[in-house]
Amino acid sequence: MTLESGRPPRVLIVEDEVSFVEALRSGLRREGFALDVARDGREALERFATCQPDVILLDVMLPRISGLDVCREIRSTSHVPIIMVSARGEEIDTVVGLEVGADDYVSKPYRFRELVARIRALLRRSQAAESERRNTECPSQEVLEAGEVRMDTGAHEVKIRGECVQMPMKEFELLRVLLEQAGRVISREDLFEEVWGFDYLGDSKTLDSHIRRLRQKVETDPSSPRCIVTIRGAGYKYAIPELAEARGGDA
Ligand code: CA
């Protein structure tokens, strides 16, 4: 597999166990990947800044800075695909990993073929997303507005009641999907797939907690949301205030 630019995809392996590093290094090299290795969380952040990986394989339990914190930190600035690797029996489950912005999961011991298949699937998806971002550079599509919320997707900026609000990547993506389809009900499954990129059949707490955090930022009274509303049994809807008012309402 090569990227559009013709170069081999670069994998940043973040792993402190030497035996795993060696196995991955030789296996992935045989599969045609370029590699970088970091042995702890701090080194991972340094490497990430300099080597520009196309995908990151990130062990959860790392010296110095944990894999979860590394993931959170990278996710605040980058869409790079991240696969979390956890040891069997570690109590860090998929929910926590998805919370901090990981794209996929494997637990040790994993089958190498399966890992390679997941890396390739993520690369394909991120390339598709990247070209979609390039193709939608028409300015009129870059600004989404509803009521007191204004999102500039090109500049990755959200203003709520005139104030700039910092938003982690997945919250930003979730709000973007809601705004793009403002006034329409979106099912939980569709929202999850749009934002996290795959069907997730497990616990749905991740979506709930992201919705909760968005409401804290968007709603004037998060305990009785009027923008991001729950449609029972159906999903969520971004309510367009103009329509609610036109209907005469305090609805
Ligand atoms: Ca480890």
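That block above? That's the structure.
This text gives an overview of the structure that appears in the document. Only a predicted model underlies this, so the values are computations on that prediction, with no experimental measurement involved. (Residues numbered from 1 in each chain as written. Predicted model: local features only at pLDDT ≥ 70, side-chain atom pairs only at ≥ 80, totals over all residues. Heavy atoms only, no water.)

### Considering the coordination of the calcium ion
For the calcium ion, the full set of protein donor atoms is Asp16 (OD), Asp59 (OD) and Met61 (O), and the range of their distances to it is 2.1 to 2.4 Å. Counting residues between consecutive donors of the calcium ion along the chain gives the motif D-x42-D-x1-M. Placement of the pair is Asp16 in the loop between β1 (10–14) and α1 (18–30) and Met61 in the loop between β3 (55–59) and α3 (67–75), with a sequence separation of 45 residues. (Donors = N, O, S within 2.8 Å, 3.2 Å for Na, K, Ca; no water. Helix = DSSP H or I, 4+ residues; strand = E, 2+ residues; numbered from the N terminus.)

### Section: the sheet that holds strand β4 (residues 82–87)
Hydrogen bonds between backbone atoms are what pair the strands of a sheet, whose relative direction is either parallel or antiparallel. Taken together, five strands build an open sheet; the order of strands is β2-β1-β3-β4-β5 and the sheet is parallel. One side of each edge strand has no neighbouring strand; the edge strands of this open sheet are β2 (34–38) and β5 (104–108). Along the sheet, successive strands turn relative to each other by an average axial angle of 20°, direction set aside. Across four bridges, β1 lies against β3 in parallel orientation. If you follow Val14 over to β3, its bridge partner there is Leu58. (Pairing = 2+ DSSP bridges. Axes fitted to C-alpha atoms, helices over the stretch in contact; angles between N-to-C directions.)

### Considering the environment of Cys164
Relative to the elements of secondary structure, Cys164 occurs in strand β9 (residues 163–165). Note on Cys164: relative accessible area 51%, which makes it exposed. Along the chain, Cys164 and Arg150 lie 14 residues apart, while their C-alpha atoms are 9.4 Å from each other. If near-sequence neighbours (up to four positions away) are discounted, Cys164 is found in contact with Glu157, Val158 and Lys159. (Buried < 20%, exposed > 50% of the residue type's maximum accessible area, 1.4 Å probe, protein only. Contact = heavy atoms within 4.5 Å.)

### Concerning the layout of surface pockets
Estimates place the volume of the largest pocket at around 1600 Å³. As for the largest pocket, its lining consists of 46 residues, and the residues nearest its centre are His79, Ser126, Ala129, Glu130 and Arg133. Elements with a minimum of two residues in the lining of the largest pocket: α2 (41–51), α5 (112–135), α6 (169–180) and α7 (188–196). Per element, the largest residue contribution to the lining of the largest pocket is eleven residues, and it comes from α5. Grouping the constituent residues of the lining of the largest pocket by class yields 15 nonpolar, 13 polar and 18 charged. Counting contributing residues per domain, the lining of the largest pocket is built from domain 1 (10–135) and domain 2 (143–243), each supplying no fewer than three. (1 Å grid on protein atoms, 1.4 Å probe; cavity = no way out; pocket = protein on both sides within 12 Å on 5 of 7 lines; lining within 4 Å. Points joined across faces, edges and corners; volume = space filled by probe spheres on them. Nonpolar A, V, L, I, M, F, W, Y, C, P; charged D, E, K, R; others polar. Domains from an automatic or database assignment.)

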